[in-house]
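Examining the three-dimensional arrangement
Here's the letter readout for the chains.
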Amino acid sequence: MASRIALSILEHLRTRPGAPVLHFGTGTISAGDLADRIDRLSRGLRSLDRHGRIGIAMETAPDTLALFIASLIAARETFVLDPSWPEATIAQVTASTGLDAVVAQMDAAPAGAIGAETLARMGADAQVPFSMDEDAAEPLFTLFTSGSTGMPKGCRRTETSWLRSFEADRALADLEGRGLVLVPGNLAHSLFLYAAVRGLWAGCAIALFPRFRPDRVLALADRFGDCAMFAVPTQLSALCAAAERRHPGVKRVLLTGSKLPSAVAGQARHTFPGAALIEFYGTTELSYVAARHVDANDPPSLVGKPLAGVDVMVVDDAGAPCPPGARGRVFVRSGMAFDGYVRNGRFEPAEASVGVGDAGWLDEEGNLHLDGRIDRMFQSSGRNIVPETIEAALAAVEGIEAAAVFGIPDPVREHRIVAVLKAPVASGRSAIVGGLKKSLPPYAIPGHYFECGDWPLTVSGKPDLVTLRERLDGGTLEPLA
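Residues numbered from 1 in each chain as written. Predicted model: local features only at pLDDT ≥ 70, side-chain atom pairs only at ≥ 80, totals over all residues. Heavy atoms only, no water.

A word on the pairing of strand β3 (residues 53-56)
Quick note on the threshold: When DSSP locates at least two bridges between a pair of strands, those strands are taken to pair. What counts as a helix is a DSSP run of H or I of at least four residues, what counts as a strand is a run of E of at least two, and both are numbered from the N terminus.
Pairing geometry for β3 and strand β4 (residues 77-80), over four bridges, is parallel. Looking at the pairing, I56 lines up with V80 of β4. Two strands pair when backbone bridges link them, and β3 and strand β5 (residues 101-104) are joined in this way by three bridges, in the parallel orientation. Note on β5: the bridge partner recorded for I56 is V103.

Right under this line is the structure:
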């Protein structure tokens, strides 16, 4: 089967060859040049002795996106690796998954990789005709969720699962006809790779950034107007903090990755007047699950109505369905879901109903609410503690930019509740506790607070909880007075 995603994108590009379609740094690439680059890279891949399984280990750049689209044409399966992984991790993933080749920026890094420029030259010289093989199997691609603890976990997808996602988000994302789609994150993360491909598939121009710089994102939005943007809440918060005035050019903000704090939503309404804030709940495994237009009066737990064709179930510990309002484990059945995990070189097919460790409930209207990750919950003095709820309350306290909550073992209370805050923190400890009393019961208010100056983030822009916990346990964080 020919790649339907690549075919549609190339059709869009070739109908307007002179139009600027990809903005990156201070440069712009025309639609025709991007189509030619995809063509060359696909020919280069096909000229290799073996090209059934291709790995991409590249920083965010136009060639990274072009290579991904080219691999849908030429390869049976594409593996999108994070170039920030240690070289040993990339080597182990390469070996365990049986990759035929890894493409990177430079031939010598990682070891044995082919440079993207070298591949393009091979494509220019190759006597391989450009073709869409109608008889080929449907393209597959594997995206990785994390590499911070142990080996990264790959999520294998069919092209059909993304095409269904494109259709499912059509009304809410409302990309068709937009002047520009802003993609401010790393293409090694599934959200931003999806956003870039989705924008081109919709016939839009897109903007990629070598690294997240709020000032440059805002400047590009002002320059073009009528922009849509995919982001995670930490990026939205940083954009609002960097804005010295309002930016009406952003018309739609599509958010996912973690729960949107109400305080950040309020800041966004001021910074981007007239922009629709759309929050999606989704994961690398599940794609879209539920969505909502963000409203100031919504309860903090609400993530929205399940999308058409998505069946959400909440079950108790025994696996029995929970009645409306009862909390349990969230499972999803959807045609947008992945095929299964790729771990240690083995493919593990997904079950018909997929759970990724989230806890929540359905209300009487069928809306989905989330408590947080089951693996982050802990007990303190016999009470269930949900770190995400406390983090949301901390984010609403004036002077706190970011927070992470942990349970520290305690012989009397099971766990002590500890908050790590992004430094500098304008509020003192007593002011923070006073602010939390407005939204949290006394048993959920942290008793200990620490500051972290160098706030670590994952490739997806979320707080790096593993690194923060290591710093907390290692005693390297400063207590808040």
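Having seen the model, we can carry on.
Brief notes about the packing of helix α9 (residues 214-224) against helix α10 (residues 233-242)
Pairs of packed helices are described in terms of their axes, by the angle between the two and the distance that separates them. Note the threshold: An axis is simply a line fitted to the C-alpha atoms; with a helix, the fit covers only the stretch in contact. Between two such axes, the angle follows the N-to-C directions and lies from 0 to 180 degrees. Small angles under 35 degrees read as roughly parallel and large ones over 145 as roughly antiparallel, with 65 to 115 read as roughly perpendicular and the rest as oblique. Contacts were defined at the residue level, with two residues in contact if any of their heavy atoms lie within 4.5 Å. Under the grouping applied here, Gly and all other residues not named as nonpolar or charged are polar, the nonpolar ones being Ala, Val, Leu, Ile, Met, Phe, Trp, Tyr, Cys and Pro and the charged ones Asp, Glu, Lys and Arg.
Look at α9 against α10: their axes get within 9 Å of each other, and the N-to-C directions meet at 80 degrees. Here α9 is positioned roughly perpendicular relative to α10, judged by the angle of their axes. Together, P214, V217 and L218 of α9 and A238, L239 and A242 of α10 make up the contact between the two elements. Partitioned by chemical class, the residues of the contact of α9 with α10 number six nonpolar, no polar and no charged.

Some points on the state of the cysteines
Applied cut-off: Disulfide assignment relies on a single distance test, namely cysteine sulfur atoms paired within 2.5 Å. Here the term buried applies to any residue with accessible area under 20% of the maximum for its type, exposed to any over 50%, and partly exposed to those in between, with areas from a 1.4 Å probe on protein chains only.
Under the definition given, this model contains zero disulfides. Take C240: it sits in no disulfide, and the sulfur closest to it among the cysteines is that of C227, at 15 Å. Given a relative accessible area of 9%, C240 falls into the buried group.

Remarks on the side chain of S237
Examined against the element boundaries, S237 turns out to sit in helix α10. When neighbours within four sequence positions are excluded, S237 is seen to be in contact with V264 and Q267.

A short note on the pairing of β4
Here is the rule we go by: The path from the first strand over the helix to the second decides the hand: if it runs clockwise while the strands point away from the viewer, the crossover is right-handed.
Burial of β4 is two-sided: the residues E77 and F79 facing one way and the residues T78 and V80 facing the other way are all buried. Handedness of the crossover is the feature at issue here: the chain leaves β3, passes through helix α3 (residues 62-74), returns alongside β4, and the resulting connection is right-handed. Summarising the sheet, β4 and strand β7 (residues 140-144) pair through four bridges and their orientation is parallel. Across the sheet, the residue bridging to T78 is F141, located in β7.

Points about the pattern of salt bridges
Between side chains of opposite charge, a pair can form as their charged atoms come close. Heads up, the rule is: For this analysis, a salt bridge means a side-chain nitrogen from Lys or Arg found within 4 Å of a carboxyl oxygen belonging to Asp or Glu.
Counting across every chain of the model gives 31 salt bridges. Among the salt bridges present, the one from D169 reaches R198, with a minimum N-O distance of 2.9 Å. Taken together, the residues D169 in the loop between α6 (159-168) and α7 (170-173) and R198 in helix α8 (residues 190-201) connect sequence positions 29 residues apart. R198 shares its class with D169; the two are buried. Taking the shortest distance from any N to any O, the salt bridge between E391 and R376 comes out at 2.6 Å. Of the two residues, E391 sits in helix α12 (residues 387-395) while R376 sits in the loop between β21 (368-373) and β22 (378-380), which places them 15 residues apart along the sequence. For the pair shown, E391 and R376 are each scored as buried. Each of E167, D169, R170, E176 and R198 takes part in one network of salt bridges that share partners.

Description of the sheet that holds strand β25 (residues 414-422)
Taken in spatial order, the four strands make up an open sheet running β24-β25-β26-β27, and their pairing is mixed. Of all the strands in the sheet, the pair left with one neighbour each is β24 (403-410) and β27 (478-479). By the bridge criterion, two bridges tie strand β26 (residues 448-452) to β27 in an arrangement that is antiparallel. Paired with F450 across the two strands is P479, which belongs to β27. Relative to the sheet, α12 contacts β24, β25 and β26, its axis offset from that of β24 by approximately 135 degrees. Here helix α14 (residues 465-473) sits on the sheet in contact with β24, β25 and β26, set at roughly 50 degrees to β24.

A word on the side chain of H369
Rules: N or O atoms within 3.5 Å of each other form a polar contact, as long as, within protein, one can give a hydrogen and the other can take it, and as long as residues adjacent in sequence are counted only when both atoms are side-chain atoms.
With respect to the element layout, H369 can be found in strand β21. At a separation of 2.8 Å, a polar atom in the side chain of H369 contacts the side chain of S301. At 2.9 Å, the side chain of H369 and the side chain of D363 are in polar contact. The contact partners of H369, leaving out residues within four places of it in the chain, are P299, S301, L302, V303, A359, G360, W361 and D363.

A word on the sheet that holds strand β8 (residues 154-158)
With respect to topology, eight strands assemble into an open sheet ordered β6-β5-β3-β4-β7-β8-β18-β19, the strand pairing being mixed. Strand pairing shows two members of the sheet lacking a second neighbour, β6 (114-115) and β19 (346-349), which therefore form its edges. Pairing between β5 and β6: two bridges, direction parallel. Within β6, the residue paired with A104 across the bridge is G115. Sheet strands in contact with α6 are β7 and β8, and its direction is about 75 degrees off that of β8.

Things to note about the packing of α6 against α8
Formally: The hand of a helix crossing depends on one turn: near helix anticlockwise from the far one by less than a right angle means left-handed, and clockwise means right-handed.
Contact geometry of α6 with α8 gives a least axis separation of 11 Å together with a crossing angle of 70 degrees. Taken together, the axis directions place α6 and α8 in an arrangement best described as roughly perpendicular. Handedness of the α6/α8 crossing: right-handed. The segment α6 lies against α8, with W162, L163, S165, F166 and E167 engaging S190, L193, Y194, V197, R198 and W201. When its residues are assigned to classes, the contact of α6 with α8 shows seven nonpolar, two polar and two charged.

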